[in-house]
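Breakdown of the fold
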Amino acid sequence: MKALKLTNRSNLILATLLVTAGIFNTSCTKEENKSPEIAKAQTPQSEEIKIGLVGSLTGGQASFGQSTQKGAEFAVNEINNGGGVAGKKLKLISLDDQGKPEEAATVVTRLISQDKVTAILGEVASSISLAMAPIAQKNKIPMITPSSTNPKVTEIGDFIFRVCFIDPFQGSVMAKFATEDLKIKKVAVLTDVKNDYSVGLAQFFKDKFTSLGGKIVVEQSYSAGDMDFKSQLTSIKAKNPDAIYVPGYYTEVALIARQAKGLGLNVPLMGGDGWDSPKLQEIGGKAIEGSYFSSHYSAEDKSPIVQEFIEKFKKTYGIVPDALTALGYDAVKVLVEAMKRTDNLDTTKIRNEIASTKNYQGVTGLITIDEKRNPVKSAVVLKVVSTGFKYQTTVNP
Amino acid sequence: MSEFLQHVINGVSLGSIYALIALGYTMVFGILGLINFAHGEVYMLGAFSGYYFSRWFHLQESSSPSGLFLVLALSMATSGLAGFIIERLAYRPLRQSPRINLLITAVGVSLFLQFSGQVIFGADPQSFPQIYQPAEQWNFGDISINPLQATVLGISIGLMALLQFIIYFTRFGRAMRAVSFDHNLASLMGIPTNQIISFTFVLGSALAGAAGVLVGLIYPRIEPLMGVMPGLKAFVSAVLGGIGSIVGAVVGAITLGLAEEFLVGYWKPSYRDALAFAVLILILLFKPTGLFGKKTSEKV
Amino acid sequence: MEVENFRTRFGLNSLWMWFFLLANVILFQIFFVGHIAPYAFSIVMYAGINIILAVSLNLVNGFTGQFSMGHAGFMAVGAYTSAFLTGYFQLHLGESFSNPLISNSLFFLALVIGGLLSAGFGYIVGLPSLRLKGDYLAIVTLGFGEIIRVLILNMDFLGAARGMPGIAGLSNFAWVYGLVVITIFFISRIIQSAHGRALMAVREDEIAAQAMGINVTQTKVRAFVIGSFFAGIAGGLFAHYLSFLSPAIFDFNKSFEIIIMVVLGGMGSITGSFIAALFLTVLREALRGLQDITKVDLRMVIYSLVLILLMLTRPNGLFGKKEFFDFLPRRIRHFFGRRGPAT
């Protein structure tokens, strides 16, 4: 019998691997022994209800994650000061995903399997929520995304919810506002191709706007991170639109506004909730004034619940909360309301209660969760003026 | 027609920004044969030091350029210092080691500056103070020119001329050319090689710092990752023009700026970032010496 | 004599050991995987994928001395191709796709096709390496990786920026570690063959290698093709583990991560890449705790600092061109059938 003989070196590589694999074997087996005990020990006896939050706390989109986290943190503190839920305090565990889908997936796995959270909040970006949702669904842990507006997110499964409106609605809000209030007929669309949110929103806007009798005169695109948009704007200018729809993030929109003015393109810009940041005006300066965008709530809203939220929030953090903060706050509130209605904090029961949320008065409007686990709620249109964002109108679904 | 002309103007003004960064690249490459990956990050540091200096002096929006000159000088000094430190700590100890080690170090320095920038300055963008706002746009019929961008173009060409003068008509420039030709031989001739290399780094980095401030003025959104793409594109410009050639860097940058502008304006904007790399690959395959680089020409 | 015979037939000198290792992986999958805590398990899985990436990049960067910075691009090609294929199969086979035998064999097919396509791209990228050296090649490969990403961003049927959700979660422990074993087997065998010696000859001195009759061009391109094939496989595993793809995942930071693994482990050391990939993947998660304290993300700062310091103090990485076992006492090495020191 002829043996398959290999040379020395590969044997040694093999041996090393065997040893490492052996170490792995033992270490993993240990883990296996431990984990069920932990599970038994923690769930019934723990005095805290753990809620996991996944957000981009660092990286290019850090400001979104940080805003959401502040809102959630504020809500959790408020609830704990009021006695918590069923005598138990809430504990918010915030983990960073650096704005990367694969990081978010790991982080969710950790929150569920190691921290044993009861529910998950996050993410802001739809493309990251899409990577998280299957894991939450598989483990039957309810997940509420505060601000992922892509319809696909909640289609992943029946444990996935959101507290913001979805892109088709947001796109139609601006299309309606443009035709009915601004009486605009010709619009240019400038999309951020690197950004799923922007691509989706642009599509829904176009559909609605053309069905209302408007005309899209030119479509152009850019990539998040670009700094020069003059080329696109020059091409847009040649088509003489009445307005430009730019459903991107404020980071680029502010520069686009400046360069549009520089090229003598004096038409209003229109956009979505990605604009909602004080930085929009800081960077955009005067050029961005006179533009419109749709968002979740207006700080000018006179209703007592909004004013009370803003006042308290200002006392704690010293700043006016933006839309993402308000959504983070509402996400926690909706979750807690659902928890209060269950008797034993079982995750499936919490899911059922979130699904039956009806007419909950949140900061960002009246929230009723529909059968697709999306809230039926209104949007506001804001105008950028020198003093900030001025409330224009509320659009109901 | 006016749309076409406007595209040309936009392209040249974008190219002039790449040119400012490319000049530093080409100088460092010329003398060390090293792609200084961290060059884009030095440019970022220049923009941020401009930001902090402007706030430090409480500079207001004004139409007189005196504040700008102050900030520009200080930022150039800061980024020059950064370039000096990088060369001294990271590159000099490795000068005798294999190329690949030097390259990895350069990548490491670049990443280190990007990520520590995110920690120190914060990851979200800052708005650069508008310390110098020229009175008005220049409008010719339908065509508009931003005077600030015209200034940048002027500065790029001026610097190009100045560098060309330094390199070819001063003792110092002669030393640079000698070092570029052969380090060891140059030091045998009594040329203080280390000092010359340090000085080249300082000069190149100061140029990047100036670019950072000027870009901050024109595109007032600065962030720690802002140097990555312009850095790479400036490198492509330098290669396109013939790396090591000063005139080539400027011509290459403006060519790239125009190419990008026309790609975006008339074809597919989403291929913008791919264009620079496609140009790079093609030029390296078919004319690796670039437009202006000749095998026999002296490079610095 | 008898002992020697035994060693040849059943000991480490035999191919059977590699089969044994594969069997071990499968047994592990059957008996243990279900009991591992999911979080620890996900780290184990990513570590396996990173091992394949690092070992395959090492073939190009370490053994052949060509500095590639576009590994994430090849990974993306493999990931998207295989994900698209399994998605296609799933759509057209419907019910019968849920049969594990069918789905797994189709998964294997998709992985191989993904790998092959990626290898095709590797061939294209390898070609410029005939004319380009060092820094230039590095930046060209980086550019190539970016071009691939931009192309995917423009392909609507791959989801463009929206990403590709709902990829069948077919990657399991057996697939990942089975392929880790196979990758390491192949690459370590290549290195010891005449081809491998040609690769290293090219690394040491191209002109001398050519003088020895080595076809430098072919050798370099071959390294690129093989390296990118395995990167494509790793991409496929990644796609079917995460169940979601978006072009943003494959930016050049991903390439840098793999480079850091290779450099830390030692360029030209397979066990080095293996250990470094394992170590850095675990470290990433371990440093998460640090982030809770510092409130800022220091991970990449630490990584890049390690890279610089490594180059300044120990440019050969942990193991240099040696393997892990070369550092073991002589007697143990001898037991494994190894006599002289590594070269």
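Residues numbered from 1 in each chain as written. Chains lettered and ligands numbered in written order. Predicted model: local features only at pLDDT ≥ 70, side-chain atom pairs only at ≥ 80, totals over all residues.

Below, the discussion takes up the overall build of chain A. Of the regular secondary structure elements, chain A holds 13 helices and 15 strands. Relative to its 397 residues, chain A shows a buried fraction of 59%. Put simply, of all contacts in chain A between residues at least 6 apart along the chain, 66% involve residues at least 24 apart. (Helix = DSSP H or I, 4+ residues; strand = E, 2+ residues; numbered from the N terminus. Buried ≥ 20, exposed ≤ 12 C-beta atoms within 10 Å, placed from the backbone. Contact = placed C-beta atoms within 7 Å.)

Once that is clear, we can look at the sheet that holds strand β5 (residues 160-162) of chain A. All names here are of chain A. Pairing is parallel across the open sheet formed by 5 strands, whose spatial order is β2-β1-β3-β4-β5. The open sheet has two edge strands with one neighbour each: β2 (89-96) and β5. Sheet twist, expressed as the average angle between the axes of neighbouring strands with direction ignored, equals 25 degrees. Each of β1 (48-55), β2 and β3 (119-121) is contacted by helix α2 (residues 62-81), which is oriented at about 170 degrees to β2, the strand it contacts most. (Pairing = 2+ DSSP bridges. Axes fitted to C-alpha atoms, helices over the stretch in contact; angles between N-to-C directions.)

Turning our attention to the interface of chain C and chain B. Taken together, the 30 residues of chain C in the interface contact 32 residues of chain B. Counting residues per element, the ones that place at least two in the side of chain C that touches chain B are α6 (134-153), α11 (252-265) and α13 (299-313) of chain C. In terms of residue class, the side of chain C that touches chain B is built from 23 nonpolar, 4 polar and 3 charged. (Nonpolar A, V, L, I, M, F, W, Y, C, P; charged D, E, K, R; others polar.)

Structural remark: α-helix, 3.6 residues per turn; residues separated by three or four positions point the same way. With 15 residues, α13(C) extends 21 Å from end C-alpha to end C-alpha; this agrees with the ideal 21 Å at 1.5 Å per step. Residues of α13(C) that are buried: C:Arg299, C:Met300, C:Val301, C:Tyr303, C:Ser304, C:Leu307, C:Ile308, C:Leu310 and C:Met311. (Expected span 1.5 Å × (residues − 1).)

So, on to the sheet that holds strand β13 (residues 375-376) of chain A. Strand pairing in a sheet is mediated by backbone hydrogen bonds. Such pairs are either parallel or antiparallel. Residues and elements named next belong to chain A. Here we have 3 strands laid out as an open sheet, ordered β11-β12-β13, and antiparallel in their pairing. Edge positions in the sheet fall to β11 (360-362) and β13, since each of these pairs with one other strand and no more. Bridging between strand β12 (residues 365-369) and β13 involves 2 bridges; their strand directions are antiparallel. Looking across to β13, one finds that Ile369 is bridged to Pro375. Packing of helix α12 (residues 323-341) onto the sheet brings it into contact with β11 and β12, and relative to β11 it is tilted by some 155 degrees.

Residues in a regular strand point their side chains to alternate faces of the sheet. Residues and elements named next belong to chain A. Within strand β6 (residues 186-192), 6 of the 7 residues are buried, which leaves the element mostly enclosed by the surrounding structure. Pairing between β6 and strand β7 (residues 215-222): 7 bridges, direction parallel. By the bridge assignment for β7, Leu190 is matched with Gln220. Running through helix α7 (residues 196-211), the crossover from β6 to the neighbouring parallel element β7 is right-handed. Sheet topology places β6 next to strand β8 (residues 243-245); 3 bridges connect them, and they run parallel. Bridge pairing in β8 places Ala188 opposite Ile244. (Right-handed = clockwise from strand over helix to strand, strands pointing away.)

Attention now goes to the environment of C:Leu283. For C:Leu283, the location among the structural elements is in helix α12 (residues 270-294). The spatial distance from the C-alpha of C:Leu283 to the C-alpha of C:Arg299 is 8.9 Å, given a sequence separation of 16 residues.

Nonpolar side chains in soluble globular proteins generally cluster together in the buried interior. Formed by 341 residues in total, the largest nonpolar core has its most connected members in A:Val108 and A:Met132. Top contributing element to this core by residue count: helix α3 (residues 38-63) of chain C, with 18 residues. Sequence-distant contacts of A:Val108, that is, excluding residues within four places in its chain, are made with A:Val54, A:Ile120, A:Met132, A:Ile135 and A:Ala136. (Core = buried A, V, L, I, M, F, W, Y, C linked by C-beta atoms within 7 Å.)

On to the confidence of the model for chain A, then. All names here are of chain A. The predicted model of chain A averages 84 in pLDDT, with 88% of residues at 70 or higher. Here helix α1 (residues 8-45) is the element of chain A with the lowest mean pLDDT, 49, and β8 is the one with the highest, 95. Predicted confidence for residues 1-5 stays below pLDDT 50, and this span has 9 contacts to residues more than four positions away or in other chains. Scored below 50 in pLDDT, residues 25-45 makes 14 contacts in the model with residues more than four places away or belonging to other chains. (pLDDT = per-residue confidence, 0-100.)

To continue, consider unusual backbone geometry. All names here are of chain A. Following Gly122, the chain continues to Glu123 via a peptide bond in cis, the omega torsion being -5 degrees. You can see Glu123 is positioned in the loop between β3 and α4 (126-138). The phi angle at Asn240 is positive, at roughly 50 degrees, despite the residue not being glycine. Within the secondary structure layout, Asn240 lies in the loop between α8 (230-238) and β8. Classification of Asn240 by C-beta neighbours within 10 Å gives exposed; the count is 12. Positive phi, normally seen in glycine, also occurs at Asn359, with a value near 50 degrees. Within the secondary structure, Asn359 is located in the loop between α13 (347-355) and β11. For Asn359, a count of 8 C-beta atoms within 10 Å gives the class exposed.

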